[in-house]
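# Remarks on the overall topology
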Amino acid sequence: PTDATNPSEIQFVDHTYGTTVVTAAQQAQIFENYIKQDPYLSDHRGQVAERNGAKRPWYNRLDAKFIQDLFTNIGSHRNTLEFSADIYNLPNLLNNYWGARKIYSVNNPLTVSSISASGVPSFFITPYNGAPVAQTFISTISTANTWAIQLGLRYIF
């Protein structure tokens, strides 16, 4: 039987990322760091991954609306000037790490390079942005993930 918690169980091969060659030993260390930075992987090392076991980090978003009405009577009619401000993803306005949605950097951190005649696979770390993937999740940058303010003015008569 093999010890699946032993890092030497995985056979890495040298791989070129862009113009940089990363040796098998360097990839083994990168993969070890990858496992340590992920709570699910580090807690379940040596086990078969549970279905839906690893989940994306929780996403918090809070939207706010502020309204101020100014009233006046013109003749016998009441007139209102309404100012409004809608703030979308308020936590992200306060701190750029809050309200940020995380996505997987890659679905599988290991890529099979070859399989020997005896059936032993060799791997290399899956590339992400031209380098070996180093973290499970990255923040997405989109209008749905950043703060926004919408100002409004309405006249009610």
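Placed above this text is the structure.
Residues numbered from 1 in each chain as written. Predicted model: local features only at pLDDT ≥ 70, side-chain atom pairs only at ≥ 80, totals over all residues. Heavy atoms only, no water.

## Structural notes on unusual backbone geometry
The phi angle at Asn52 is positive, at roughly 60°, despite the residue not being glycine. Looking at the element boundaries, Asn52 is found in the loop between helix H2 (39-43) and strand S4 (64-74). On the accessibility criterion, Asn52 (59% relative accessible area) is exposed. At Asn129, a position not held by glycine, the phi torsion is positive, near 55°. Relative to the assigned elements, Asn129 resides in the loop between strand S9 (127-128) and strand S10 (131-132). (Helix = DSSP H or I, 4+ residues; strand = E, 2+ residues; numbered from the N terminus. Buried < 20%, exposed > 50% of the residue type's maximum accessible area, 1.4 Å probe, protein only.)

## What about the environment of Trp98?
Mapped onto the fold, Trp98 is located in the loop between helix H3 (90-94) and strand S6 (102-104). Placed 37 residues apart in sequence, Trp98 and Arg61 show a C-alpha to C-alpha distance of 8.3 Å. Beyond its immediate sequence surroundings of up to four residues, Trp98 is in contact with Pro91 and Asn92. (Contact = heavy atoms within 4.5 Å.)

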